[in-house]
Amino acid sequence: MRSIWNHIWRHRRSYVEVLGMLAAVLALIPAYTNFRIEWPSSENIPLTVSPPEGGTVGLCATIHGTGKAPKGKQIWLAQHVKGSEYYFLRPVKIDDEESGKWSMHGQIGDNKGGGLEYVFQAIVIDKSWADWMTKINLSDTLSATALPPHSAASKPRTISRNLTDNEPCP
């Protein structure tokens, strides 16, 4: 019996590593067995982006829409210049939870973007993704080459930037 304990003591580092890996595997088993992907459906979450008054927006604009996010989800607004592969994502402000009205106030493009067409989509994403995106959104404009995974999106709404209003947001 003493030789077994001597063996374990001499190789304790190896055994600790094995036990640590075994504990990690055991901890992951419940996560693996409960893992499922829920694909949101735009039909289940009606989202709209409203057309602006006058049909165009300036450099600093407020975009409105409607839609209610289910519990544990948030609404964000995705925008990109028509034909561009980069989306700019921002959280929306819920104006009236009962009616589902929301808004996003911010810069649309840059001061050279007058006359360009911008495509807007309201998206519903998991709160965990929203929290992560908020943490990395240091410049108030998070860009990505795709919408976040597992997000439900509204139909795209194309809105032109006017040529005259190039006043940046305060």
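The preceding data block contains the structure.
Residues numbered from 1 in each chain as written. Predicted model: local features only at pLDDT ≥ 70, side-chain atom pairs only at ≥ 80, totals over all residues. Heavy atoms only, no water.

**Focus: the overall build of the protein chain**
Then step 1. A count of helices and strands for the protein chain gives three helices and eleven strands.
Then step 2. Tracing the protein chain from N to C terminus, the helices and strands come up as α-α-β-β-β-β-β-β-β-β-α-β-β-β.
Then step 3. Among the 170 residues that make up the protein chain, the fraction classed as buried is 29%.
Then step 4. Summarising the internal contacts of the protein chain: among those between residues at least 6 apart in sequence, 77% fall at separations of at least 24.
Then step 5. Carbon and sulfur atoms form 58% of the exposed surface of the protein chain, whose accessible area is close to 11,600 Å². (Helix = DSSP H or I, 4+ residues; strand = E, 2+ residues; numbered from the N terminus. Buried < 20%, exposed > 50% of the residue type's maximum accessible area, 1.4 Å probe, protein only. Contact = heavy atoms within 4.5 Å. Areas by Shrake-Rupley, 256 points an atom, 1.4 Å probe, with all protein chains shown as cover.)

**Looking at the sheet that holds strand β1 (residues 48-49)**
Strands in a sheet are paired, the pairing made by backbone hydrogen bonds, and the direction either parallel or antiparallel.
Then step 1. Spatially, β1-β3-β7-β6 is the arrangement adopted by the four strands of the open sheet, whose pairing is antiparallel. Edge strands, defined here as strands with exactly one partner in the open sheet, are β1 and β6 (93-96).
Then step 2. Bridge count for β6 against strand β7 (residues 101-107) is three bridges, and the pairing is antiparallel. Residue pairing across strands places I94 opposite W102, the latter belonging to β7. (Pairing = 2+ DSSP bridges.)

**Concerning the layout of surface pockets**
Then step 1. In this structure, the largest pocket occupies an estimated 150 Å³ of space.
Then step 2. The wall of the largest pocket is formed by G67, K68, A69, I75, I94, D96, E97, G100 and K101. (1 Å grid on protein atoms, 1.4 Å probe; cavity = no way out; pocket = protein on both sides within 12 Å on 5 of 7 lines; lining within 4 Å. Points joined across faces, edges and corners; volume = space filled by probe spheres on them.)

**What about the pattern of salt bridges?**
Then step 1. Inspection of every chain in the model, using the stated rule, returns four salt bridges.
Then step 2. Residue D126 is joined to K73 by a salt bridge in which the shortest nitrogen-to-oxygen separation is 2.4 Å. With D126 in strand β8 (residues 117-126) and K73 in strand β4 (residues 73-81), the pair connects residues that are 53 residues apart, well separated along the chain.
Then step 3. Judged by relative accessible area, which is 21%, K73 ranks as partly exposed.
Then step 4. Of the charged contacts in the structure, one is a salt bridge between D131 and K127, with a shortest N-O distance of 3.0 Å. Taken together, the residues D131 and K127, both in helix α3 (residues 127-136) and four residues apart, mark about one turn of the helix. (Salt bridge = Lys/Arg side-chain N within 4 Å of Asp/Glu carboxyl O.)

**Structural notes on the side chain of S154**
Then step 1. On the secondary structure map, S154 appears in the loop between β10 (152-153) and β11 (157-161).
Then step 2. You can call S154 buried: its relative accessible area is 5%.
Then step 3. Those residues within four positions of S154 in sequence are excluded, and the remaining contacts are L47, T48, V49, Q121 and A122.

**Things to note about the pairing of strand β5 (residues 87-91)**
Then step 1. Inspection of the sheet shows β4 paired to β5 by four bridges, in the antiparallel sense. Among the inter-strand pairings, W76 is bridged to a residue of β5, identified as P91.
Then step 2. Hairpin connection from β4 to β5: five residues lie between these consecutive antiparallel strands, with G83 at a positive phi of about 95 degrees.

**Some words on a nonpolar patch on the surface**
Then step 1. Taken together, the side chains of W129, W132 and I136 define a hydrophobic patch exposed on the protein surface, amounting to about 300 Å² of accessible area.
Then step 2. As for its placement among the helices and strands, W132 is situated in helix α3. (Patch = residues over 30% accessible without salt bridge, like charges linked within 9 Å, V, L, I, M, F, W, Y side chains within 5 Å.)

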